[in-house]
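The residues making up each chain are set out below.
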Amino acid sequence: ELLALISNEELATGSQKSESNAIIDKNTSDLSSVSIGILVYKTEHHFSLSLQDVYFAKGKTHVFTGPSGGGKSTLFKIMSGLIQADELESNLRQFSKLYVSQKPFLFRASLLENLIYGEANFRKSYLSEILSILELQELLPNESALQSVEFDPMASRLSGGQVQRLALARAL
């Protein structure tokens, strides 16, 4: 799974500081880090997730490890706003979220329709750049293939990694 957070302030201004060693201070509202003061999530099936005083520094990669069923995906879904925590004190609302699940869904549609789903205004040049960066250009023998290549998710010959990269391209 992948979760990327971008401060709404940076998104609006287009500015991103290149400081990768952000100083984390839990007493500041500086958007150089995501902070979670308290997070509590419980289900009726006796699953519980509880975090306190967790900080994610801007420009750093954070890896979540743990046993199956330990709450990693649940944490991502809470942070991305897909599910609600029972209690949450955080500055997460000040960030735009990009989330790609473990099992992305592809539609029975063209490659283009799968990539731009939900996005009416897209730039072909940006889409081509994303496909190149994610090394998906092998799926497109030519420019017209964007609209002519049809996917049948049940019979697709795409690897798991290609499906993940297509979902990431759609999110971007």
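Everything discussed here concerns the structure shown above.
This is a predicted model, so every value here is computed, not measured.

Student: Can you walk me through the environment of L111 in this structure?
Tutor: Turning to its location among the elements, L111 is positioned in helix α3 (residues 111-115). In this structure, the C-alpha to C-alpha distance between L111 and L166, residues 55 residues apart in sequence, is 8.9 Å.

Student: So what exactly am I meant to see when it comes to the side chain of N91 here?
Tutor: With respect to the secondary-structure elements, N91 resides in the loop between β4 (87-90) and β5 (95-100). Owing to a relative accessible area of 12%, N91 belongs among the buried residues under this scheme. A polar side-chain atom of N91 sits 2.8 Å from the main-chain amide nitrogen of S35.

Student: Help me understand the sheet that holds strand β3 (residues 48-57), please; the structure alone is not making it clear to me.
Tutor: Sheet strands pair by backbone hydrogen bonding; their relative direction is either parallel or antiparallel. The strand order across the open sheet built from three strands is β3-β2-β4, with neighbouring strands paired in antiparallel fashion. At either margin of the open sheet sits one strand with a lone partner, and together these are β3 and β4. Strand-to-strand twist across the sheet, computed as the mean angle between neighbouring axes with direction ignored, equals 5 degrees. Sheet analysis places strand β2 (residues 33-42) next to β4, joined by four bridges and oriented antiparallel. In the sheet register, V40 faces β4, and the bridge partner there is E87. Sitting on the sheet, helix α2 (residues 72-80) is in contact with β2 and β3, with an inclination near 115 degrees to β2.

Student: Explanation requested: the packing of aromatic side chains in the structure shown.
Tutor: The relation between two aromatic rings is expressed through the spacing of the ring centres and the mutual angle of the planes. Inspection of every chain in the model, using the stated rule, returns four aromatic pairs. Between F105 and F107, the aromatic rings sit 5.0 Å apart at their centres with planes inclined by 80 degrees, giving edge-to-face as the arrangement.

Student: Explain the pairing of β3 to me, please; I cannot follow it from the model alone.
Tutor: Put simply, side chains in a regular strand alternate between the two faces of the sheet. The sheet contact formed by β2 and β3 spans nine bridges and is antiparallel. The partner of S35 across the bridge, within β3, is Y55. Hairpin connection between β2 and β3: a loop of five residues separates the two successive antiparallel strands, and H46 in this loop has a positive phi of roughly 70 degrees.

Rules used in this analysis
- Residues numbered from 1 in each chain as written.
- Predicted model: local features only at pLDDT ≥ 70, side-chain atom pairs only at ≥ 80, totals over all residues.
- Heavy atoms only, no water.
- Helix = DSSP H or I, 4+ residues; strand = E, 2+ residues; numbered from the N terminus.
- Buried < 20%, exposed > 50% of the residue type's maximum accessible area, 1.4 Å probe, protein only.
- Polar contact = N/O pair within 3.5 Å; in protein donor to acceptor, adjacent residues only side chain to side chain.
- Pairing = 2+ DSSP bridges.
- Axes fitted to C-alpha atoms, helices over the stretch in contact; angles between N-to-C directions.
- Contact = heavy atoms within 4.5 Å.
- Phe/Tyr/Trp six-rings, centres within 6.5 Å; stacked < 30°, edge-to-face > 60°.

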